[in-house]
Amino acid sequence: MSEVKEAAPKAIVCENLVKIYKTADSEVLALQGLDLAVERGEIMAIIGNSGSGKSTLLNMIGGLDRPSAGKLWVDGLDLFKLDEKQLVDYKRKTVGFVWQNNGRNLLPFLTVWQNVQLPMLLKRDSAKKSAALDLLALVGMEHKRNSRLLQLSGGEQQRVAIAIALANNPTVLLADEPTGSVDVKTGENVLNVFRQVNKELGTTVVIVTHDRQLAKKVNRVVSIRDGKIASERLMKESYRDRLSEITSLIEEEKVQDEFVVIDRAGRIQLPRDALERIGATDSKMIMEVEDNRIVLKGTNQNEE
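Residues numbered from 1 in each chain as written. Predicted model: local features only at pLDDT ≥ 70, side-chain atom pairs only at ≥ 80, totals over all residues. Heavy atoms only, no water.

Asks: Would you mind showing me how to read the nonpolar core here?
Replies: Soluble globular proteins tend to bury their nonpolar side chains together. Counting 37 residues, the largest nonpolar core has Val98, Val116, Val160, Ile162, Leu173 and Phe194 as its most contacted members. Contributing elements (two or more residues each) for this core: β3 (43-47), α3 (112-117), α4 (125-138), α5 (154-165), β7 (172-176), α6 (184-201) and β8 (204-209). Considering every element that reaches this core, the biggest residue donor is α5, with 6 residues. Beyond its immediate sequence surroundings of up to four residues, phenylalanine 194 is in contact with Ile43, Val98, Ile162, Leu173, Ala175, Pro178, Val205 and Ile207. Core analysis: the second largest hydrophobic core is formed by 31 residues, Val74, Leu87, Tyr90 and Phe97 among them. (Core = buried A, V, L, I, M, F, W, Y, C linked by side-chain atoms within 4.5 Å. Buried < 20%, exposed > 50% of the residue type's maximum accessible area, 1.4 Å probe, protein only. Helix = DSSP H or I, 4+ residues; strand = E, 2+ residues; numbered from the N terminus. Contact = heavy atoms within 4.5 Å.)

Following this line, the structure appears as structure tokens:
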């Protein structure tokens, strides 16, 4: 590609990103000026309720859909400036995609080994076979290389899907609800594969999910609400070196610190449960500045 690369060493940069879906009768604002930066080599999760905009964002980053306005850079490439041919090249080389539906990841009439070789169109046959075996070994599926789709469990299929997504050595690996069709234990194993890929290959990994339990196994979790970043959770330093010990018995709040996000207009979105906890039941709150702190109170707290 001839596009000029961005100077900032970020894997993904979204600035004031907007996506509008138009129908004959209405317009749906899926992303409303979203800002997000993802570091190179980072592994993170994006969470949110159905309709929050998280899958729309992933499709924008993956080149599967075009943004309506704003800025979107991935691996230094301005996605607004890519023509259709460049966009095809981008989807082949820069990003890898893992879907929740295993049928979209694997062809059932090919073996596991053949599925992983399929994206490597320009490599010599021997090079394809060797590279595919290396990827299968990375995700713990080398022993199943001659199996077909129906001979694999759901977790095994997702492991192979990750290997396929890595076939062309992408800079960014995107996963849309990768644990949505497997049980909790298998989901943990799949997530551990993403961590292994991130650690050994340095691939930037972005996982979109509604499962908040994933938050305990990644360093950063971004929450989207109403098409904007509402809050972030960052892994506490004391947990970063012992993620393998963290189980579903540990509460998410103990593992990570939560931060609200201030947008470019100075606006913040507060978690609904936090608002309910302080009795903020209407659209207005009391704001006070005390000792370099901004204090928000529900209006009923001011009553004698």
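Asks: Is there a simple way to explain the pairing of strand β1 (residues 10-22) in this structure?
Replies: A regular strand places its side chains so that they alternate between the two faces of the sheet. Relative to strand β2 (residues 27-39), β1 is paired through 10 bridges, and the arrangement is antiparallel. Residue pairing across strands places lysine 19 opposite leucine 31, the latter belonging to β2. Counted along the chain from β1 to the antiparallel partner β2, the turn is 4 residues long. Sheet analysis places β1 next to strand β4 (residues 69-74), joined by 5 bridges and oriented antiparallel. Across the sheet, the residue bridging to cysteine 14 is leucine 72, located in β4. (Pairing = 2+ DSSP bridges.)

Asks: How do you make sense of the packing of aromatic side chains when you look at a structure like this?
Replies: Each pair of aromatic rings is reported with the distance of its centres and the angle of its planes. One pass over the full model with this rule turns up 1 aromatic pair. Ring plane angle 10° and centroid distance 4.3 Å describe the contact between phenylalanine 97 and tryptophan 99, whose orientation is recorded as stacked. Geometry around tyrosine 21 places lysine 19 over its ring, the cationic atom sitting 5.0 Å from the centre. (Phe/Tyr/Trp six-rings, centres within 6.5 Å; stacked < 30°, edge-to-face > 60°. Lys NZ or Arg CZ within 6 Å of the ring centre and 35° of its normal.)

Asks: Please explain the confidence of the model for the protein chain as it appears in this structure.
Replies: In regions of low pLDDT, the predicted coordinates are not meant to be interpreted in detail. For the protein chain, the average pLDDT comes to 81, and 77% of its residues sit at 70 or higher. Highest mean pLDDT in the protein chain belongs to β7 (95); lowest belongs to helix α7 (residues 252-255) (57). (pLDDT = per-residue confidence, 0-100.)

Asks: Got a minute to help me understand unusual backbone geometry in this structure?
Replies: Trans is the prevailing form of peptide bonds, just as negative phi is the prevailing case for residues other than glycine. For asparagine 169, which is not glycine, the phi torsion reads 55° and is therefore positive. Take asparagine 169: its relative accessible area is 61%, and that puts it in the exposed class. The backbone of aspartate 226 shows a phi angle near 55°, a positive value even though the residue is not glycine. You can see aspartate 226 is positioned in the loop between β9 (220-225) and β10 (228-235).

Asks: Looking at this structure, how should I read the packing of α5 against α6?
Replies: The description of two packed helices rests on the angle between their axes and on the distance between the axes. Orientation of α5 relative to α6, taken along the N-to-C sense of each, is 15°, at an axis distance of 9 Å. Relative to α6, the element α5 lies roughly parallel. The two elements α5 and α6 cross, and the hand of that crossing is right-handed. Across from Gly155, Gln158, Arg159 and Ile162 in α5, the residues of α6 making contact are Thr186, Asn189, Val190, Val193, Phe194 and Val197. Looking at the contact of α5 with α6 residue by residue, the class counts come to 5 nonpolar, 4 polar and 1 charged. (Axes fitted to C-alpha atoms, helices over the stretch in contact; angles between N-to-C directions. Parallel < 35°, antiparallel > 145°, perpendicular 65-115°, else oblique. Left-handed = near helix turned anticlockwise from the far one by under 90°. Nonpolar A, V, L, I, M, F, W, Y, C, P; charged D, E, K, R; others polar.)

Asks: Quick question: what am I supposed to make of the sheet that holds β2 here?
Replies: Backbone hydrogen bonds hold the strands of a sheet together, and the pairing may be parallel or antiparallel. The antiparallel open sheet is built from 4 strands, whose spatial order is β2-β1-β4-β5. The sheet is open, and its two edges are formed by β2 and β5 (77-78), each paired on a single side. Of the strands in this sheet, β1, β2 and β4 touch helix α1 (residues 54-61), which is tilted by about 115° from β1.

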